[in-house]
Amino acid sequence: MTPQPVDSPDLWAGLPTLQDPPGEDDTAPDVWEDPIPLTGRRERPPFPAHVLPAWLGEFVTAVAQETQTPVDLAGSIALAVLATAAGGRSVVHVRGNWREPTNLYTVVALPPANRKSAVFALLTNPLYEAEKQLKTAMKPVIVEAELTARLAKEAADKAAAKAASADGDKRDDMVRTAVGLAQTADTLTVPAEPVLLADDSTPETVTSLMSEQGGRLSVMSAEGGIFDIIAGRYSGAPNMEVFLKGHAGDRLRVNRQTRREYIDAPALTIGLAVQPDVLRDIGKVKGFEGRGLLARFLYSLPVSTVGDREIITDPVPEETAAAYTAKVIDLTLSLAEWTDPAVIQLSPQADAALIAYQKRIEPKLKARGGTLGHISNWAGKLAGATARMAALLHLAGQGGGGYAHPVTADTMHAAIELGEYYTAHALAAFDVMGADNATARAHSVLETLRTHRWAEFSKRDLMVKLSRSECPTAADLDPTLNLLEDHGYVRAQPVVRTGGRGRPPSPRYWVHPRLTDPTT
């Protein structure tokens, strides 16, 4: 039985109030196809370690075997390691004016007891060794620069003192000399000690470190505390600017009373392993989704191995570990001195593969009917992320001199396979974060229809029953009703207008018989 409208002008201001007149077109359909489930269990494929260069794929697989962890964990961290080595020192030229930096944001979500810290240590140790070697090489340069700057400052101060006490014709010459020495001293800078990695640092610390390090920095952590910091743990308000621009490579300028920092091409890499609850929490932080922070991460939600792990395992072979360490250190050191980034080109075949991939992605971004429409902010960056991964795989295979050779079609196809992997996991991650409001509301509408066993209903009937916090206005129902219609749960009735004055009738829908009578 169809529910009667509820009169409440103040609550339903702006909603149509006239019911459609009965007529031939109001006859309920006789044939209904089985409805399509709104969301089934998301397919989460395993990390495709086979697409990595041999030395890297072998190490990732061996680490997963020794630690009895999903290969996804080591695989995603490995990509962040490559991005730490090459980010800020290389870019990939896709086509035209389209260039992508080679830094990445990756996050793996796994429950406790999955040995995330152990895997992190094994993957990141070579970066710390590379950082140590960079510091050792830079130390005499820093000492010399400090001494030179101190001597220049002392000479300028002495010249200024002599000029101040001089008189007559000598004074003007001595002032000019003192000014010149002061200007020279001001131009001398002391290089900062090299830093590749930071932990859960504040946005201000990250900005300062990036400024000191020529725009490059990596935040790697086996915890999710960085999200709390970005959300305003210490400042009381979200501070996302450096994390937004640090991913895109957009110019970053900080002008405050206490500091001024300019970074023309920031390149921040983030590699995290967090608990699934962290994803649920960040999905609720105001501004994270709206400003695009969540859209910048490559998400991995592997199946936990806890409960199925072997107790005695083979350690990572020494030659495999040695090859990994040597390759990561070599890539890091070979690019460390670059100021203008190395430009990596795509071969025509690689570009053709990426274009074909973009053509496959684009229709999926449609707000209505597109499988990626509800995460279009994320999926809209997928082609760029794929180009970045292709460049990193290319450098991993070719070494620091890879910029001298274009990315091949095979490497691009490998990156596309990684893109497909992260797409499947992003859908699961955004489900956890509640990004699909239309689907969440659709489940509430279906529950309402089942409870009341309505054969048909109007938008107004639903608004009476749904919570205002869940569905504030009638307009918020439109994407949900479109989704339910696309999936075959409801059908819109034809609108029959009387030709009279007043508001148009409230849209009405027939309901799939299965919802009114589960035995149908």
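Residues numbered from 1 in each chain as written. Predicted model: local features only at pLDDT ≥ 70, side-chain atom pairs only at ≥ 80, totals over all residues. Heavy atoms only, no water.

Enquirer: Would you explain the overall build of the protein chain in this entry?
Expert: Looking only at helices and strands, the protein chain features 17 helices and 13 strands. Looking at the 520 residues of the protein chain, the share that counts as buried comes to 48%. Nonlocal contacts in the protein chain, meaning residues at least 24 apart in sequence, comprise 77% of its contacts between residues at least 6 apart. (Helix = DSSP H or I, 4+ residues; strand = E, 2+ residues; numbered from the N terminus. Buried < 20%, exposed > 50% of the residue type's maximum accessible area, 1.4 Å probe, protein only. Contact = heavy atoms within 4.5 Å.)

Enquirer: It is not clear to me how unusual backbone geometry should be interpreted in this structure. Could you clarify?
Expert: Leaving glycine out, the prevailing phi sign among residues is negative, and the prevailing peptide bond configuration is trans. Its identity is not glycine, yet R115 carries a phi of approximately 60°, on the positive side. Mapping R115 onto the fold places it in the loop between β3 (105-109) and α3 (116-165). Accessibility expressed as a relative area gives 38% for R115, which makes it partly exposed. The phi torsion at R453 lies on the positive side, around 50°, for a residue other than glycine. Looking at the secondary structure, you find R453 in the loop between α14 (437-452) and β11 (456-458). For R453, a relative accessible area of 49% puts it in the partly exposed group.

Enquirer: Honestly, the side chain of E131 in this entry has me stumped. Any pointers?
Expert: Position of E131 among the secondary structure elements: in helix α3. Those residues in contact with E131 that lie beyond four places of it in its chain are P194, V195, L196 and L197.

Enquirer: Explain the sheet that holds strand β2 (residues 98-101) to me, please; I cannot follow it from the model alone.
Expert: Either a parallel or an antiparallel arrangement is found when strands of a sheet pair, and the pairing is made through backbone hydrogen bonds. A sheet is described by the order of its strands in space; here 3 strands give the open sequence β2-β1-β10, paired in mixed fashion. The two strands at the open ends of the sheet, each matched to only one other strand, are β2 and β10 (342-345). Sheet twist, expressed as the average angle between the axes of neighbouring strands with direction ignored, equals 30°. In this sheet, β2 lies alongside strand β1 (residues 90-95) in antiparallel orientation, the contact comprising 4 bridges. (Pairing = 2+ DSSP bridges. Axes fitted to C-alpha atoms, helices over the stretch in contact; angles between N-to-C directions.)

Enquirer: Please clarify how the layout of surface pockets should be interpreted in this entry.
Expert: To find leftover empty space, a probe the size of one water molecule is rolled over the atoms. By volume, the largest pocket amounts to about 870 Å³. Lining the largest pocket are 33 residues, with R89, Q213, G214, G215 and W338 positioned closest to its centre. When contributions to the lining of the largest pocket are tallied by element, the ones reaching two or more residues are β1, β2, α3 and α5 (203-212). For the lining of the largest pocket, a count of residues per class yields 17 nonpolar, 8 polar and 8 charged. (1 Å grid on protein atoms, 1.4 Å probe; cavity = no way out; pocket = protein on both sides within 12 Å on 5 of 7 lines; lining within 4 Å. Points joined across faces, edges and corners; volume = space filled by probe spheres on them. Nonpolar A, V, L, I, M, F, W, Y, C, P; charged D, E, K, R; others polar.)

Enquirer: Help me understand the confidence of the model for the protein chain, please; the structure alone is not making it clear to me.
Expert: Any residue range with low pLDDT should be treated as having predicted coordinates unsuitable for detailed reading. Residues of the protein chain with pLDDT of at least 70 account for 89%, and the chain-wide mean is 87. Throughout residues 1-25 the model reports pLDDT below 50, and contacts reaching past four residues in sequence, or to other chains, amount to 47 contacts. (pLDDT = per-residue confidence, 0-100.)

Enquirer: I'm lost on the packing of aromatic side chains in this one. Help?
Expert: The geometry of two aromatic rings is summed up by the distance between their centres and the angle between their planes. Within this structure, the stated rule accounts for 10 aromatic pairs. On the basis of an interplanar angle of 80° and a centroid distance of 5.3 Å, the ring pair of F47 and Y421 is categorised as edge-to-face. Placement of F47 in the segment before α1 (54-67) and of Y421 in helix α13 (residues 409-432) is noted, with a sequence separation of 374 residues between them. Y421 matches F47 in its accessibility class, with the two residues each being buried. Seen from their ring centres, F457 and Y509 are 5.4 Å apart, and the 15° between their planes marks the pair as stacked. In this pair, F457 sits in strand β11 while Y509 sits in strand β13 (residues 508-511), placing the two residues 52 residues apart along the sequence. Taken as a pair, F457 and Y509 share a single burial class, namely buried. An aromatic cluster is present here, built from Y105, F227, F297, Y299 and F430 joined pairwise through their rings. A cation over a ring is seen here: R253 above Y262, with NZ or CZ 4.6 Å from the ring centre. The ring centre of W32 lies 4.3 Å from the NZ or CZ of R491, which sits over that ring. (Phe/Tyr/Trp six-rings, centres within 6.5 Å; stacked < 30°, edge-to-face > 60°. Lys NZ or Arg CZ within 6 Å of the ring centre and 35° of its normal.)

Enquirer: Just to check I follow, could you spell out the nonpolar core for this structure?
Expert: Inside soluble globular proteins, nonpolar side chains tend to come together where they are buried. Membership of the largest hydrophobic core comes to 117 residues, with the highest contact counts inside it found for L123, F243, Y299 and W378. In contact with L123, other than residues within four places in its own chain, are F59, V63, A74, I77, A78, V81 and Y324. Core analysis: the second largest hydrophobic core is formed by 22 residues, L446, M463, V490 and V511 among them. (Core = buried A, V, L, I, M, F, W, Y, C linked by side-chain atoms within 4.5 Å.)

Enquirer: Teacher, can you tell me more about the packing of helix α2 (residues 71-86) against helix α12 (residues 382-398) here?
Expert: In a pair of packed helices, the angle between the axes and the distance between the axes together describe the arrangement. Packing of α2 against α12 brings their axes to within 10 Å, and their N-to-C directions diverge by 80°. Our classification of the angle between α2 and α12 gives roughly perpendicular. Contacts from L79, L82, A83 and A86 of α2 reach α12 at M389, L392, L395 and A396. (Parallel < 35°, antiparallel > 145°, perpendicular 65-115°, else oblique.)

Enquirer: Sorry, what's going on with the pairing of β3 here?
Expert: Consecutive side chains of a regular strand alternate in pointing toward one face of the sheet and then the other. Extensive coverage of β3 is indicated by the burial of 5 of its 5 residues. Neither face of β3 is left uncovered, since the one carrying Y105, V107 and A109 and the one carrying T106 and V108 both have all their residues buried. The sheet contact formed by β3 and strand β9 (residues 298-300) spans 3 bridges and is parallel. Looking across to β9, one finds that V107 is bridged to Y299.

Enquirer: How do you make sense of the sheet that holds strand β12 (residues 490-492) when you look at a structure like this?
Expert: Spatial strand order, β11-β13-β12: 3 strands in an open sheet with antiparallel pairing. Across the chains shown, the open sheet's two edge strands, defined by having one partner strand only, are β11 and β12. Mean inter-strand twist for the sheet, computed between neighbouring axes without regard to direction, equals 30°. Across 3 bridges, β12 lies against β13 in antiparallel orientation. Following the sheet pairing, R491 is matched in β13 by W510.

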